[in-house]
Amino acid sequence: KSKLEEWEKFVEKIRNPKKSVKIAICGKYTNLADSYKSIVESFIHAGAANDAKVDLLYISAEECEQPGYEKILKEADGLLVPGGFGERGIEGKINAIKYARENNLPFFGICLVMQCAIIEYARNVCGLKNANSSEFKKNRYSVIDLMHDQKSVKNLGGTMRLGTYPAILEKNSAAYHAYGSEYINERHRHRYEVNNVFRKQLSEAGLRFSGLSPDKTLVEIIELPGHKWFLGCQFHPELKSRATKSHPLFREFIRVSLENKNSGKR
């Protein structure tokens, strides 16, 4: 197939989608939509791959800290919570994740939000009520902590875990099903990681660490077995999505969200 044919097919699917799906984006920069430009483009690519138009419903993370936020999420067929830095809006993101987990709403969390999903699970499933990230509140329940090789770093900036790193996926996981491969490379930009002290407790409570660094010291992907699709990744998949080659995780997330819409169960 020629490249021109690929592009013609892509444009045709954007112009004449056969289906539509509504995805909520819960973030703290939702009044500046270009803040999520790479994610928006990834949804265009994933929509075309699924022959669907992806309608985006922007929700302020801080709004999700207020009572009644669930009403907005009920309108969505899937929830994506994008990454970011800093404490503002974190509790709203955690509330949105809790809603998705408890209501079997397809959920996709990126970078910091994989960490938020760990915090939510530790608090509400493992019973660690004070669980947090040491980025926000350092205590004995810091389920997210500075990476070991970051603890001695004095000058911040370009010293974080930055660039492409490999990960090994568990077979029979949603991630493995999406990629069709056990070995992946993805782009990272972070300084904090899942605290390995709590991995056994989280795992025994039902959380699955389906993607790890080759030496098994860093958690790269988490999933929740039995859920329609609940996946958090420590990397930024949106940076590797392309118009005629949708990123596997975005493509699968949209596929499952379409199934969720068609099931009529919200």
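Residues numbered from 1 in each chain as written. Predicted model: local features only at pLDDT ≥ 70, side-chain atom pairs only at ≥ 80, totals over all residues. Heavy atoms only, no water.

Counting secondary structure elements, the chain contains eight helices and 12 strands. Relative to a compact globule of 266 residues, whose C-alpha radius of gyration would be 18 Å, the chain shows 18 Å and is just as compact. When the backbone C-alpha atoms are referred to their principal axes, the chain occupies close to 55 × 40 × 35 Å. Per-residue burial for the chain yields a buried fraction of 52% across its 266 residues. A sequence separation of at least 24 residues applies to 70% of the contacts in the chain between residues at least 6 apart. Total accessible area on the chain stands at roughly 12,600 Å², and carbon and sulfur atoms take up 49% of it. (Helix = DSSP H or I, 4+ residues; strand = E, 2+ residues; numbered from the N terminus. Rg over C-alpha atoms; globule rule 2.2 N^0.38 Å. Buried < 20%, exposed > 50% of the residue type's maximum accessible area, 1.4 Å probe, protein only. Contact = heavy atoms within 4.5 Å. Areas by Shrake-Rupley, 256 points an atom, 1.4 Å probe, with all protein chains shown as cover.)

Turning next to the pairing of strand S2 (residues 52–60). In this structure, strand S1 (residues 19–27) lies alongside S2, joined through nine bridges in parallel fashion. If you follow Ile-25 over to S2, its bridge partner there is Tyr-58. (Pairing = 2+ DSSP bridges.)

Turning to the packing of helix H2 (residues 37–49) against helix H8 (residues 248–263), a few remarks are in order. At a minimum axis distance of 8 Å, the contact between H2 and H8 shows a crossing angle of 60°. The crossing of H2 and H8 is right-handed. Mapping the contact onto sequence places Ile-39, Ser-42, Phe-43, Ala-46 and Ala-49 in H2 and Phe-250, Arg-251, Phe-253 and Ile-254 in H8. Split into classes, the residues belonging to the contact of H2 with H8 amount to seven nonpolar, one polar and one charged. (Axes fitted to C-alpha atoms, helices over the stretch in contact; angles between N-to-C directions. Left-handed = near helix turned anticlockwise from the far one by under 90°. Nonpolar A, V, L, I, M, F, W, Y, C, P; charged D, E, K, R; others polar.)

Bringing unusual backbone geometry into the picture now. The phi dihedral of Cys-111 is positive, around 55°, even though this residue is not glycine. Its identity is not glycine, yet Lys-216 carries a phi of approximately 70°, on the positive side. You can see Lys-216 is positioned in the loop between strand S10 (208–212) and strand S11 (219–223).

This next bit is on the side chain of Arg-199. Summarising the element assignment, Arg-199 is placed in helix H7 (residues 199–204). Those residues within four positions of Arg-199 in sequence are excluded, and the remaining contacts are Val-194, Phe-209, Leu-212, Lys-216, Thr-217, Leu-218 and Val-219.

Bringing the pattern of salt bridges into the picture now. Evaluated as defined, the whole model comprises 15 salt bridges. Where Asp-145 meets Lys-138, a salt bridge forms, and the shortest distance between an N and an O atom there is 3.7 Å. A residue is classified by how much of its surface remains accessible, and Lys-138, at 62% relative accessible area, is exposed. Note that Glu-259 is salt-bridged to Arg-255, the shortest N-O span being 2.7 Å. Of this pair, Glu-259 and Arg-255 both sit in helix H8, separated by four residues, roughly a single helical turn. Note on Glu-259: relative accessible area 44%, which makes it partly exposed. Among the residues examined, Arg-255 registers a relative accessible area of 28% and is labelled partly exposed. Residues participating in the shared-partner salt-bridge network are Lys-98, Arg-101, Glu-102 and Glu-120. (Salt bridge = Lys/Arg side-chain N within 4 Å of Asp/Glu carboxyl O.)

This next bit is on the nonpolar core. Note that soluble globular proteins tend to have their nonpolar side chains buried in a common cluster. Within the largest apolar cluster, 46 residues are counted, with the highest numbers of intra-cluster contacts made by Leu-79, Phe-107, Ile-118, Val-143 and Leu-202. Discounting residues that sit within four places of it in the chain, Ile-118 has contacts with Val-143, Ile-144, Val-194, Leu-202, Leu-207, Phe-209 and Ile-222. Ile-25, Ala-175, Phe-253 and Leu-258 belong to the second-largest nonpolar core, a separate cluster that totals 30 residues. (Core = buried A, V, L, I, M, F, W, Y, C linked by side-chain atoms within 4.5 Å.)

Any link to function would need more than the numbers given here.
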